[in-house]
Amino acid sequence: MTSLVGYVALVAAALCSGTALLLQARAARGVDVDHPVSVLARLVRSPAYLFSLGLVVVAFVLAAAALRVLPVFTVQAVRACSVLVPALLAPRLLGIRVRPREWAAVVAIGVGLVLLASSAQAGASHPHRGATWWVLGTVVLAAVVTLVVVGRPPSPAAGVVLAVAAALGYGSLAVGIRLVGPVAPTQMLAHGVFWVAGSGGALALAATALAFQRGGAVMVAALVTGGETVLGALGGVLLAGDGAVPGRGWLAVVGLGCVLSGAVSLARFGAAAEVGVGAVEPRALEDLGRPA
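Because the structure is a prediction, the values reported are computed rather than measured. (Residues numbered from 1 in each chain as written. Predicted model: local features only at pLDDT ≥ 70, side-chain atom pairs only at ≥ 80, totals over all residues. Heavy atoms only, no water.)

The subject of this paragraph is the overall build of the protein chain. Looking only at helices and strands, the protein chain has 12 helices and 2 strands in total. Helices and strands appear in the protein chain in the N-to-C order α-α-α-α-α-α-β-α-α-α-α-α-β-α. Expressed as a percentage of the 292 residues in the protein chain, the buried residues total 52%. For the protein chain, the exposed area adds up to about 12700 Å²; of that, 71% sits on carbon and sulfur atoms. (Helix = DSSP H or I, 4+ residues; strand = E, 2+ residues; numbered from the N terminus. Buried < 20%, exposed > 50% of the residue type's maximum accessible area, 1.4 Å probe, protein only. Areas by Shrake-Rupley, 256 points an atom, 1.4 Å probe, with all protein chains shown as cover.)

This paragraph deals with helix α7 (residues 131-150). Since there are 3.6 residues in each turn of an α-helix, residues three or four apart along the chain are aligned in direction. For α7, built from 20 residues, the straight-helix expectation of 28 Å at 1.5 Å per residue is met to within 8% by its first-to-last C-alpha distance of 29 Å. Looking at α7, one finds that the buried residues are Ala131, Val135, Val139, Ala142, Thr146, Val149 and Val150. The buried residues of α7 occupy an angular sector of 100° when projected down its axis, which confines them to one face. Exposed and oriented more than 90 degrees from the buried face of α7 are Trp133, Trp134 and Leu147. (Expected span 1.5 Å × (residues − 1). Arc of directions from axis to C-beta.)

This paragraph deals with the nonpolar core. Judged by nonpolar contacts, the single largest core of 39 residues is most densely connected at Leu43, Leu162, Ala163, Phe212, Val220 and Val224. A total of 9 residues in this core trace back to one element, the largest contributor, which is helix α11 (residues 217-240). With residues up to four places along the chain from it excluded, the contact list for Leu43 reads Ala27, Ala28, Val31, Tyr49 and Ala209. Of all hydrophobic cores here, the second largest spans 21 residues; its members include Leu10, Ala66, Val75 and Phe194. (Core = buried A, V, L, I, M, F, W, Y, C linked by side-chain atoms within 4.5 Å. Contact = heavy atoms within 4.5 Å.)

Taken together, Trp133, Leu136, Val140, Val144 and Val148 make up a surface patch of nonpolar side chains, about 470 Å² in accessible area. Counting through the fold element by element, Trp133 comes out in helix α7. (Patch = residues over 30% accessible without salt bridge, like charges linked within 9 Å, V, L, I, M, F, W, Y side chains within 5 Å. Salt bridge = Lys/Arg side-chain N within 4 Å of Asp/Glu carboxyl O.)

With 25 residues, helix α8 (residues 156-180) should reach 36 Å at 1.5 Å per residue; the first-to-last C-alpha distance of 37 Å fits that figure. Among the 25 residues that make up α8, 22 are buried, leaving the element largely enclosed by the rest of the structure.

Relative to the elements of secondary structure, Thr146 occurs in helix α7. Note on Thr146: relative accessible area 7%, which makes it buried. Among the polar contacts made by the side chain of Thr146, one reaches the main-chain carbonyl oxygen of Ala142 at a distance of 2.8 Å. (Polar contact = N/O pair within 3.5 Å; in protein donor to acceptor, adjacent residues only side chain to side chain.)

What follows concerns the packing of helix α1 (residues 3-29) against helix α3 (residues 47-67). At a closest axis distance of 8 Å, the pairing of α1 and α3 adopts a crossing angle of 155°. Classified by the angle between their axes, α1 and α3 sit roughly antiparallel to one another. The handedness of the crossing between α1 and α3 is left-handed. Within the contact of α1 with α3, the residues separate by chemical class into 18 nonpolar, 5 polar and 1 charged. (Axes fitted to C-alpha atoms, helices over the stretch in contact; angles between N-to-C directions. Parallel < 35°, antiparallel > 145°, perpendicular 65-115°, else oblique. Left-handed = near helix turned anticlockwise from the far one by under 90°. Nonpolar A, V, L, I, M, F, W, Y, C, P; charged D, E, K, R; others polar.)

This part takes up the packing of α3 against α8. Two elements in contact, α3 and α8, have axes whose closest approach is 9 Å; the angle formed by their N-to-C orientations is 45°. Taken together, the axes of α3 and α8 lie oblique to each other. Two packed elements cross with a definite hand, and for α3 against α8 that hand is right-handed. Contacts from Phe60, Ala64 and Leu67 in α3 reach Leu173, Ala174, Ile177 and Arg178 in α8. Classifying every residue of the contact of α3 with α8 gives 6 nonpolar, no polar and 1 charged.

Laid out in structure tokens, this is it:
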């Protein structure tokens, strides 16, 4: 696979991921129970949520293919542009208003992701010593955070924490695929890090659904995608040998700062504005084809 094909796969993966996030938000915001097991049980019976899972699988396959020829920096940055899909369509499909401050944060994240992508350079994609254990530790941390938060009453702040836990899981998944390297799909199954990373991805799906039930759609989507990008990029640098192109290290630093500032802004102001999120009813799926 050439780099050009890898980028095409990434754009398709970003569109699939963004649409999946929007459908997950719609399905989760329509569930009127609080217990996490009951929430997930309701969601697996939702056609919109099941379709979103199919899109997640497609996005994963496309991103995994791109990771064979591109660094985690680039793959995560392009995929994270999927946050624009919920931001653009949330007012129409979820009946919520995206405020100027939230738009500014989304733009900051987008600019940061572009800078990160333009400064990335792939490494050897061979696992560093103890890499699997680091990925496992990240997944365990995400699991512990999720379990602690879901045991407490739902709140917008809990949505922020769950979004971060989901970002940890998705970031672990990306790093794990990168560590496996350019091998045949059947050979991936023989790598322990693949199974550890896969469990992180499964955990991230559940944490994302619970976060959407507690927090704003745009806020959660931005935190998940932005956090996944930063954590995945750092993991690629520390564990897979990725890095910045010589002379462009400053772009990576500025890009990282933009992503973090945008994410913090969304977490701070988005959570404060979503205290009454449970009172907002999503529009019916059949409204997708109706004129405004």
